[in-house]
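Structural characterization, general
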Amino acid sequence: MVSMSNTPVPRSDLSAWIEKVQDADTKQYIYDRVMDQMNFYKKKSREYKKKYNFWMTASIIISLLIPVVSIFADAGVFMKVIIALLGGGTAAITAYLRLHNYLELWGIYRNNREYLFSVLYSYFTATGIFRKLSDQAERDALLIETCEGCFSAENKHWRELIRKEDEKSRQK
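Criteria and thresholds
Residues numbered from 1 in each chain as written. Predicted model: local features only at pLDDT ≥ 70, side-chain atom pairs only at ≥ 80, totals over all residues. Heavy atoms only, no water. Axes fitted to C-alpha atoms, helices over the stretch in contact; angles between N-to-C directions. Helix = DSSP H or I, 4+ residues; strand = E, 2+ residues; numbered from the N terminus. Parallel < 35°, antiparallel > 145°, perpendicular 65-115°, else oblique. Left-handed = near helix turned anticlockwise from the far one by under 90°. Contact = heavy atoms within 4.5 Å. Nonpolar A, V, L, I, M, F, W, Y, C, P; charged D, E, K, R; others polar. Disulfide = S-S within 2.5 Å. Buried < 20%, exposed > 50% of the residue type's maximum accessible area, 1.4 Å probe, protein only. Salt bridge = Lys/Arg side-chain N within 4 Å of Asp/Glu carboxyl O. Polar contact = N/O pair within 3.5 Å; in protein donor to acceptor, adjacent residues only side chain to side chain. Phe/Tyr/Trp six-rings, centres within 6.5 Å; stacked < 30°, edge-to-face > 60°.

Interaxial distance between helix 2 (residues 24-70) and helix 5 (residues 136-171) falls to 11 Å at its minimum, and their mutual angle equals 30 degrees. In terms of orientation, helix 2 lies roughly parallel with respect to helix 5. The two elements helix 2 and helix 5 cross, and the hand of that crossing is left-handed. On helix 5, the residues that touch Thr26, Tyr29, Ile30, Arg33, Val34, Gln37 and Tyr41 of helix 2 are Asp140, Leu143, Ile144, Cys147, Glu148, Phe151 and Glu154. Partitioning the contact of helix 2 with helix 5 into residue classes produces eight nonpolar, two polar and four charged.

Rendered as structure tokens:
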């Protein structure tokens, strides 16, 4: 049994536990498929979080400038143009954020990474869905099936998003 609950491992580094996996194919699968995908999710989650926060902050700042600049609107057409540009900028940023779905993507990637981490943690500690399995080959198979199910669900989600976008573009 792989149970390594007596080996403390930092949350972000599972390599000490992975090294103790007996089956070479399972160990390779964890490194090449699961850990690589988790690192991808982590990277993309951070990227989309930064993009979302940047554009949302820009939108908030521009929105806050509108009432401040409107105080000077009596000064003439120039100030009215500035106010219109600020309002347009806010609308453009909002549309940009909706188009690129940074908030949703950030959440999806973060959730997927955390889910895979949870599956690995349960596998290594023989808890959760792995608790009742005493045969290591069965535990390894369940690990792979569970991780692949996550990857498959993600692919299905993306195909559904693409299908919806295609339908929207055809309706226009």
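In this structure the tally under the stated criterion is zero disulfides. There is no disulfide at Cys147, and the cysteine sulfur nearest it, in Cys150, is 7.3 Å away. The class for Cys147 is buried, based on a relative accessible area of 0%.

The subject of this paragraph is the pattern of salt bridges. For the structure shown, the criterion picks out eight salt bridges. In this structure, Lys44 engages Glu47 in a salt bridge whose closest nitrogen and oxygen atoms are separated by 3.3 Å. Note that Lys44 and Glu47 are positioned in helix 2 at a spacing of three residues, about one turn of the helix. Of the charged contacts, one joins Glu167 and Arg163 as a salt bridge, the two residues approaching to 2.2 Å between their closest N and O atoms.

The next subject is the environment of Lys50. With respect to the helices and strands, the residue Lys50 is situated in helix 2. On the basis of relative accessible area, Lys50 is assigned to the exposed category, the value being 63%. Through-space distance from the C-alpha of Lys50 to that of Glu148 is 28 Å; in sequence the pair is 98 residues apart.

We now examine the side chain of Gln136. Here Gln136 shows up in helix 5. Among the polar contacts listed, one links the side chain of Gln136 to the side chain of Tyr123, at a separation of 3.1 Å. Reaching out from Gln136, the side chain makes a polar contact with the side chain of Arg139 at a distance of 2.9 Å.

Turning our eyes to something else, we now look at the packing of aromatic side chains. This structure, assessed with the given rule, holds 15 aromatic pairs. Between Trp17 and Phe124, the aromatic rings sit 5.5 Å apart at their centres with planes inclined by 55 degrees, giving tilted as the arrangement. Taken together, the residues Trp17 in helix 1 (residues 15-19) and Phe124 in helix 4 (residues 102-125) connect sequence positions 107 residues apart. Ring centres 5.8 Å apart and planes at 10 degrees place the aromatic pair Tyr48 and Tyr109 in the stacked group. Remark: Tyr109 occurs in helix 4 and Tyr48 occurs in helix 2; sequence separation between them is 61 residues. Site record: aromatic cluster; members linked through ring pairs are Phe40, Tyr41, Tyr48, Phe54, Trp55, Tyr96, Tyr102, Tyr109 and Trp158.

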